[in-house]
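A closer look at the structure
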Amino acid sequence: MRSFVLAASALLVFAACTPQAPDGAAAPPPADAPATPPPATSTPLPEEFAGGMDARGTEPFWGLQIRDTQITLQRPDHPAAVGKNAGMTVQNGKATWETQAGADRLAVTLSSEACSDGMSDLKYDYAAVVVIGSETLKGCAGHAGAMPREGG
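Just so it is clear, the model here is predicted, and its values are computed rather than measured.

**Digging into the overall build of the chain**
- In terms of regular secondary structure, the chain is built from 1 helix and 12 strands.
- What you see in the chain, going N to C, is helices and strands ordered as α-β-β-β-β-β-β-β-β-β-β-β-β.
- Relative to its 152 residues, the chain shows a buried fraction of 32%.
- Here the contacts in the chain between residues at least 6 apart in sequence split such that 40% fall between residues at least 24 apart.

**Observations regarding the pairing of strand E8 (residues 104-111)**
- With 8 bridges joining them, strand E7 (residues 94-101) and E8 adopt antiparallel strand pairing. What sits directly across from Ala 95, in E8, is Leu 110.
- Counting the residues in the hairpin turn of E7 and E8 gives 2 residues, including Gly 102, whose phi is positive at 65 degrees.

**Remarks on the side chain of Asp 54**
- Turning to its location among the elements, Asp 54 is positioned in strand E2 (residues 53-57).
- One polar contact links Asp 54 to Arg 67, side chain to side chain, over a distance of 2.9 Å.
- Ignoring sequence-local partners within four residues, the contact set of Asp 54 consists of Leu 64, Gln 65, Arg 67, Cys 140, Ala 141, Gly 142, Ala 144, Gly 145 and Met 147.

**Notes on the side chain of Ser 111**
- Note on placement: Ser 111 falls in strand E8.
- A polar atom in the side chain of Ser 111 sits 2.9 Å from the side chain of Glu 113.
- Apart from the residues within four sequence positions on either side, Ser 111 is in contact with Gly 93, Lys 94, Asp 125, Tyr 126 and Ala 127.

**Examining the pairing of strand E4 (residues 70-74)**
- Examined bridge by bridge, strand E3 (residues 62-66) and E4 share 4 bridges and lie antiparallel to one another. For Gly 63, the partnering residue across the bridge sits in E4 and is Gln 74.
- Connecting the antiparallel pair E3 and E4 is a turn made up of 3 residues.
- As judged from the 4 bridges shared by E4 and strand E5 (residues 81-84), these two strands associate in the antiparallel manner. In the sheet register, Ile 71 faces E5, and the bridge partner there is Gly 83.
- Counted along the chain from E4 to the antiparallel partner E5, the turn is 6 residues long, and its residue Asp 77 has a positive phi close to 65 degrees.

**A word on the pattern of salt bridges**
- Inspection of every chain in the model, using the stated rule, returns 3 salt bridges.
- A salt bridge links Arg 67 to Asp 54; its shortest N-O distance comes to 2.9 Å. Here Arg 67, found in the loop between E3 and E4, pairs with Asp 54, found in strand E2; they are 13 residues apart in sequence, far enough to count as distant.
- Between Arg 75 and Glu 135 there is a salt bridge, and its shortest N-O distance comes to 2.7 Å.

Analysis parameters
- Residues numbered from 1 in each chain as written.
- Predicted model: local features only at pLDDT ≥ 70, side-chain atom pairs only at ≥ 80, totals over all residues.
- Heavy atoms only, no water.
- Helix = DSSP H or I, 4+ residues; strand = E, 2+ residues; numbered from the N terminus.
- Buried < 20%, exposed > 50% of the residue type's maximum accessible area, 1.4 Å probe, protein only.
- Contact = heavy atoms within 4.5 Å.
- Pairing = 2+ DSSP bridges.
- Polar contact = N/O pair within 3.5 Å; in protein donor to acceptor, adjacent residues only side chain to side chain.
- Salt bridge = Lys/Arg side-chain N within 4 Å of Asp/Glu carboxyl O.

Here you go:
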């Protein structure tokens, strides 16, 4: 009998913590509740990235190309890391691509923010973070064929 009373009490406490509308349905969140972020979506390259994207970084030097079907990371003293482009995930204003490049997982995240490579006065439209295996590379990105160049 005692266990029945404890179980019933626990059920009543739980029920009291669940907000309900007057009709007994679950109550909507309060007006000042934080917004729920939109779910991540997986899509092919959107028009904004049509033609592909290029990214580059310094210290260490690296270059990356994102194309419709393939992602390629090139670094001195490393073989090229090439993986299939299965599309990107967009969440919180960032576009992320993930692929398997040989034995390593390769993830690329671009965020729409002004970026400078730190070695020149060149300005880029996107900041880039590339994770290959356990290494993280940071740099800048832009539209393929329209990357900023010194002297023009």
